[in-house]
Amino acid sequence: MEVKIEPTWQPLLQPEFDKPYFWQLAGFVKQEYATKTIYPEGKNIFNAFNLCPFPEVKVVIIGQDPYHEPMQAHGLCFSVQDGVPFPPSLQNIFKEISDDMGVPMPTSGNLERWARQGVLLLNSILTVEAHKAASHSGKGWEQFTDKVIEIVSQNADHVVFMLWGSYAKNKGRVIDTSKHLVLTAVHPSPLSVYRGFFGCKHFSKANEWLVAHGKKAINW
């Protein structure tokens, strides 16, 4: 199957695109877009990859599924489009960055600025029906993104993986911890943020790791 995706990812992911499960997934997704309101826009399904070529990947942040309300999702986990109010988890992420790095809160929740610096903002599930959280779970996206994580682990060096919450931690079981830095914490949602996300200092720790391995720090 031919999938339009950033060229450096193409040869790495093509074996997945050719598998029967992905054909079934593509058929399901195409039908959903044809008959329902689905987020993100079709052109943004692979936005995380298109904005962050494989050779540029320095940090991987794993989310669950896209935001399911209008004007939010655009293919990057935790990110919202310009002008959209910050969802609670994103607000908490920015608060931790502000406390950790001593920087002011940003005016936009659009994280394309991270992606262009080498942060792969990967949701486990890449599409969702409007107003129905996790509505596209169990359709094949999880298998695909498990493979993405494995490919990064096997083929890249000295990447920082940020795993927030039990869902992301389970996704990270394939990561080779002998050559990558895995940072874990509770999810930044209001339900758990005070149980160890605030104060985790993942953003400064990531930059220290990157610099120690000859890479440029992320401007969070």
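The following paragraphs examine the structure supplied in this document. It should be emphasised that the depicted structure is a prediction, and the values quoted were computed from it without experimental measurement. (Residues numbered from 1 in each chain as written. Predicted model: local features only at pLDDT ≥ 70, side-chain atom pairs only at ≥ 80, totals over all residues. Heavy atoms only, no water.)

### What to know about the side chain of Ser189
Logical step 1: Mapped onto the secondary structure, Ser189 falls in the loop between strand E6 (181–185) and helix H8 (202–212).
Logical step 2: Taking relative accessible area as the criterion, Ser189 reaches 15% and is therefore assigned buried.
Logical step 3: Beyond its immediate chain neighbours, meaning those up to four positions away, Ser189 contacts Ser89 and Asn92. (Helix = DSSP H or I, 4+ residues; strand = E, 2+ residues; numbered from the N terminus. Buried < 20%, exposed > 50% of the residue type's maximum accessible area, 1.4 Å probe, protein only. Contact = heavy atoms within 4.5 Å.)

### What about unusual backbone geometry?
The bulk of non-glycine residues show a negative phi, and the bulk of peptide bonds are trans.
Logical step 1: Geometrically, the link from Tyr39 to Pro40 is a cis peptide bond, its omega value of -5° lying close to zero.
Logical step 2: Along the polypeptide, Pro40 turns up in the loop between strand E1 (38–39) and helix H3 (47–50).
Logical step 3: Backbone geometry at Phe78 places phi at a positive 70°, although glycine is not the residue there.
Logical step 4: By the secondary structure assignment, Phe78 is in the loop between strand E2 (59–63) and helix H4 (88–101).
Logical step 5: Positioned with a positive phi, His131 is a non-glycine residue whose angle comes to about 70°.
Logical step 6: Topologically, His131 is positioned in the loop between strand E4 (128–129) and helix H6 (141–155).

### Some words on the environment of Ala168
Logical step 1: Position of Ala168 among the secondary structure elements: in helix H7 (residues 166–171).
Logical step 2: Among the residues examined, Ala168 registers a relative accessible area of 2% and is labelled buried.
Logical step 3: Taking the C-alpha atoms as reference points, Ala168 and Lys179, separated by 11 residues in sequence, lie 19 Å from one another.
Logical step 4: If we skip the residues at most four places from it in the chain, Ala168 touches Ile62 and Leu163.

### A few points about the nonpolar core
Logical step 1: By size, the foremost hydrophobic cluster in this structure holds 73 residues, and its most contacted members are Phe49, Ile61, Trp114, Leu120, Phe144 and Trp220.
Logical step 2: Broken down by element, the residue count for this core peaks at six residues, all from H6.
Logical step 3: Once residues lying within four places of it in the same chain are set aside, the contact partners of Phe144 are Leu13, Glu16, Phe17, Tyr21, Phe22, Phe46, Phe49 and Leu126. (Core = buried A, V, L, I, M, F, W, Y, C linked by side-chain atoms within 4.5 Å.)

### A few points about the sheet that holds strand E5 (residues 160–164)
By way of backbone hydrogen bonds, the strands of a sheet pair with one another, either parallel or antiparallel.
Logical step 1: Spatial ordering of the open sheet is given by E3-E2-E5-E6, a layout of four strands whose pairing is parallel. The sheet is open, and its two borders are formed by strand E3 (119–123) and E6, each paired with just one other strand. If you compare each strand with its neighbour and ignore which way they point, the axes differ by 20° on average.
Logical step 2: Most of the contacts of H6 go to E3, to which it runs at about 155°, and overall it touches E2, E3 and E5. (Pairing = 2+ DSSP bridges. Axes fitted to C-alpha atoms, helices over the stretch in contact; angles between N-to-C directions.)

### A look at the packing of aromatic side chains
The relative placement of two aromatic rings is captured by the distance of their centres and the angle of their planes.
Logical step 1: Per the stated rule, a full pass over the model turns up 22 aromatic pairs.
Logical step 2: Their ring planes at 85° and their centres at 6.2 Å tell us that Tyr21 and Phe22 sit as a pair that is edge-to-face.
Logical step 3: With a centroid separation of 5.1 Å and 80° between ring planes, the pair formed by Tyr194 and Phe198 is classed as edge-to-face.
Logical step 4: Cluster of aromatic residues (ring-pair linked, three or more members): Trp9, Phe17, Tyr21, Phe22, Phe46, Phe49, Phe54, Trp141 and Phe144.
Logical step 5: For the cation-ring pair, Lys95 lies above Phe198, with the distance from its terminal atom to the ring centre recorded as 4.9 Å. (Phe/Tyr/Trp six-rings, centres within 6.5 Å; stacked < 30°, edge-to-face > 60°. Lys NZ or Arg CZ within 6 Å of the ring centre and 35° of its normal.)

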